[in-house]
Amino acid sequence: MCGFCGFTGQLMNREELLKEMTKRITHRGPDSTGVYMDDDIAMGFRRLSIIDLEAGHQPLYNEDKSLVLMFNGEIYNYRSLRAELLEKGHVFATETDSEVLLHGYEEWGEELLPRLRGMFAFVIWDTRDRSLFIARDPFGIKPMHYTLLPDGRLIYASEIKCILAHPDFVREFNEAALDSYLSFQYSLPKETFFKNVYCLPPAHFLRYREGEVSEQRYWESTFAPEEDMTLEEAVDGIDRAFTDSVEAHRISDVEVGCFLSGGVDSSYVASYFGGQKAFTVGFDNGQHYNECNYAAELAEHVGIEHYTHLISEEEYWQSLPDVQYHLDQPLADPACVALYFVSKLAAEHVKVVLSGEGADELFGGYRIYHEPTSLAGYQKLPRWLRKAAAAVVSALPFDFKGKSFLIRGSRTLPERFIGNAYMFNQKEKARLLKDIPATDPAAQTAAWYERCEGQDDVTRMQYLDINRWMVGDILLKADRMSMAHSLELRVPFLDREVFGVARRIPAKHRIAGGTTKYAMRLAAERHMPRESTARPKLGFPVPVRIWLRQEPYYNRVKAAFQSEAARRYFNTGELMKFLDQHYAGQKDNSRKIWTVYMFLTWYEVYFGENARV
């Protein structure tokens, strides 16, 4: 795993600037650095050595040095691609997976991208026509950001903090991003919290030449359920594809370990790691917040060397500015801090880990995916009746069992489901925000629903989560929290062959037997005890709800809610209502409070009086 950055055009002290930009991502690659410069571009690289440790330094060049490559990621089918390119006459100078990208681009151009099996972001500079080609993997596992200056110069980087170092980039807060963040708990790609800085979307490539940028999509994660597929066929297909994927993802010249929680996803991965190392973290707040015992049971069954760490309350809270710094953009998922600590633990022992991200999105694992089934009977009633019932219960000042059911049952899927997290609705944002327009979050997801029109509701929810939630939350935190500790994190579920199976499985085999990921759980059961495969999803649960009812942490958040930044963007009286209601035990507002608090923590890191970058 690595990181890179660069910029086009002439500038005073280019060498010193490039050195400062690459220094900001030393954590992505502490093993070595690389530089390429000519009259039109400056390119910097940081390397974490995983494959071909001696010869895999970057930049890499093709035979006549007309192409220059810098690459972040891993290509798992590089050996077969290398053999094919050797047959076509290409000459390789290294044994790295990186060099396959150079010769593959020479041979196939952009048609190389659908051939790749792996996670990647890479840039190729063509010295002949002075053009830049940048590509990102199909699911968005590896990050890529860029900005175009007013005079047409391009700045690009693995992390936004590199772009901020460029003297001609004007750092401005993007207020519109705050509106969407308050609903989704993450920044919506391709927008970022920095004006004029963009994420290159997953499955896209970018071309830059003479001040012009163009983007194009090369692949899409579409589902095509085969209703006549039997359950046995689904389970067999998952088992074969996932076993092959894990083997491919274990290719490395350094030791590979795995993360292990008590859930089925990471346990399925860990079941292939007998005799190797696994890592787990938890909290000392009761069994619900500590999966270490469950993980230890699986580790003993498989025969894994198991390492654990209990995160203290103070340790968690003290880490928050560091976590938000590494994220680049605010993320309100409390689990990202747990991921930060399990990555820290793993990095003390290995350089590479495998993890279970992507299983829920591909195989239907989130509990909310039950909703179309649970609402089906109620939604047979006339909509006007359901809307009237929802209006009545919504007006009631107290919560009761069934209230959410009646409200959500009155809405269509695009109205009620904007992704796995839904923090603030439009009305709440309108009361909360000061001088920033509050938009309907459903407007942000409408285009994605249109793209999967005609599919069943579960499939539509999964499609939306793959393209929004997984990119903006799951994979953001996976990359940044592991890279914060110079640890390469690989995700064998997010593999093109595994998705090739997942996309064909009908919803009746995904949500069945009173559980989610039904077919995948049966596949996992072939490798580990049933009690591990049947365990409900927890996913690094964090006791934020409890902490916010304790005076020390209530006071920390209160201070942030009354800060200058809070007064600039929020009606602080509304913020304090949420906080005080929660503290008094009247409502569980913990997720909404945390969403605002994480934004304010991030804002201090990047825009505060003592900003770190």
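Note that the structure is predicted; figures quoted are calculated from it, not measured.

Definitions and limits used
The numbers attached to residues start from 1 for each chain and follow its sequence in the written order. pLDDT decides what is reported in this predicted model: residues at 70 or higher carry local features, side-chain atom pairs at 80 or more are listed and counted, and totals for whole chains, interfaces and linings draw on all residues regardless. Remark: hydrogens and water are excluded; side-chain values derive from all non-hydrogen atoms of the structure. Patch members must show over 30% relative accessible area and no salt bridge, and they are joined within 9 Å when carrying like charges or within 5 Å when they are nonpolar side chains of Val, Leu, Ile, Met, Phe, Trp or Tyr. The protein chains shown are the only cover counted for residues, whose accessible areas, like all others here, come from Shrake-Rupley with a 1.4 Å probe. By convention in these notes, a salt bridge is any Lys or Arg side-chain nitrogen within 4 Å of a carboxyl oxygen on Asp or Glu. Helix numbering and strand numbering both begin at the N terminus, where a helix is a DSSP run of H or I of at least 4 residues and a strand a DSSP run of E of at least 2. Per-residue accessibility, obtained with a 1.4 Å probe over protein chains only, is compared with the maximum for each type, and a residue is labelled buried under 20%, exposed over 50%, and partly exposed between these values. The pairing criterion is simple: DSSP has to find at least two bridges between the two strands. Stacked, tilted and edge-to-face are the three classes applied to pairs of Phe, Tyr and Trp rings, where Trp contributes its six-membered ring and a pair requires centres within 6.5 Å; stacked means planes under 30 degrees apart, edge-to-face means over 60, and tilted covers the rest. We call a charge positioned over a ring when the NZ of a Lys or the CZ of an Arg lies within 6 Å of the ring centre and within 35 degrees of the ring normal. Charge assignment in this entry is limited to Lys and Arg as positive and Asp and Glu as negative, and neither His nor the chain termini are counted. Whether two residues are in contact is decided by their heavy atoms: any pair within 4.5 Å suffices. A single reference atom marks each charge: NZ on Lys, CZ on Arg, CG on Asp, CD on Glu. For the purposes of these results, a polar contact is taken to be a pair of N or O atoms within 3.5 Å, where, inside protein, one atom must be able to donate a hydrogen and its partner to accept one; residues adjacent in sequence count only when each atom of the pair is a side-chain atom. Among the buried residues, those of types Ala, Val, Leu, Ile, Met, Phe, Trp, Tyr and Cys that are joined through side-chain atoms within 4.5 Å form a nonpolar core. Axis definition: a line fitted to C-alpha atoms, over the contacting stretch in the case of helices. Angles run 0 to 180 degrees between N-to-C directions. Orientation is classified from the angle alone, with under 35 degrees giving roughly parallel, over 145 giving roughly antiparallel, 65 to 115 giving roughly perpendicular, and any other angle giving oblique. Whether a crossing is left-handed or right-handed is set by the direction in which the near helix is turned from the far one by less than a right angle, anticlockwise for left-handed and clockwise for right-handed. All residues other than Ala, Val, Leu, Ile, Met, Phe, Trp, Tyr, Cys, Pro, Asp, Glu, Lys and Arg, Gly among them, are scored as polar; the first ten of these are nonpolar and the last four charged.

Draft legend 1. Just a nonpolar patch on the surface, in detail. Residues L381, W384 and L385 make up a contiguous nonpolar surface patch of roughly 330 Å² in combined accessible area. Here L381 is to be found in the loop between α13 (371–376) and α14 (383–394). By relative accessible area, L381 is classed as partly exposed at 38%.

Draft legend 2. Structural context of the sheet that holds strand β11 (residues 204–209). One open sheet accounts for six strands, arranged β4-β5-β6-β7-β11-β12; its pairing is antiparallel. Sheet topology places β4 (60–61) and β12 (212–217) at the edges, where each strand pairs with a single neighbour. Two strands pair when backbone bridges link them, and strand β7 (residues 131–136) and β11 are joined in this way by four bridges, in the antiparallel orientation. Residue pairing in the sheet places L132 in a bridge with Y208 of β11.

Draft legend 3. The arrangement of the packing of aromatic side chains in detail. Under the counting rule described, the total for this entry stands at 61 aromatic pairs. Above the face of the Y325 ring, R612 is positioned so that its terminal group lies 4.2 Å from the ring centre.

Draft legend 4. Structural detail: the side chain of R46. Position of R46 among the secondary structure elements: in strand β3 (residues 41–47). Notably, R46 is buried but unbridged: the nearest opposite-charge side chain belongs to D31, and the N-O separation is 7.4 Å. Leaving out residues up to four positions away in the same chain, R46 has contacts with C2, G3, T22, I25, T26, G29, P30, D31, S32 and T33.

Draft legend 5. Structural view of a negative patch on the surface. A cluster of like negative charges, contributed by E63, D64, E106 and E107, occupies part of the molecular surface. Structurally, E107 is set in helix α3 (residues 98–108). Judged by its relative accessible area of 32%, E107 is partly exposed.

Draft legend 6. Fine view of the environment of W547. Mapping W547 onto the fold places it in helix α25 (residues 544–547). The buried category is assigned to W547, whose relative accessible area is 0%. As for W547 and E313, which are separated by 234 residues in sequence, their C-alpha atoms are 8.2 Å apart. Side chain to side chain, W547 and E313 meet in a polar contact 3.5 Å long.

Draft legend 7. Layout of the nonpolar core. Within the largest apolar cluster, 158 residues are counted, with the highest numbers of intra-cluster contacts made by L178, Y268, Y316, W317, F561, F570 and F599. Broken down by element, the residue count for this core peaks at eleven residues, all from helix α29 (residues 590–607). Contacts of L178, omitting those with residues within four sequence positions, involve F173, F193, L433, I436, Y569, F570 and F599. Formed by 25 residues, the second largest nonpolar core is a distinct cluster that contains L101, F133, A203 and F205.

Draft legend 8. How the structure looks around the packing of helix α26 (residues 551–561) against α29. Running from N to C, α26 and α29 cross one another at 60°; their axes reach a closest spacing of 10 Å. Here α26 is positioned oblique relative to α29, judged by the angle of their axes. Between α26 and α29 lies a crossing whose hand is left-handed. Touching R556, V557, A560 and F561 of α26 are I593, V596, Y597 and L600, all from α29. In the contact of α26 with α29, the residues fall into seven nonpolar, no polar and one charged.

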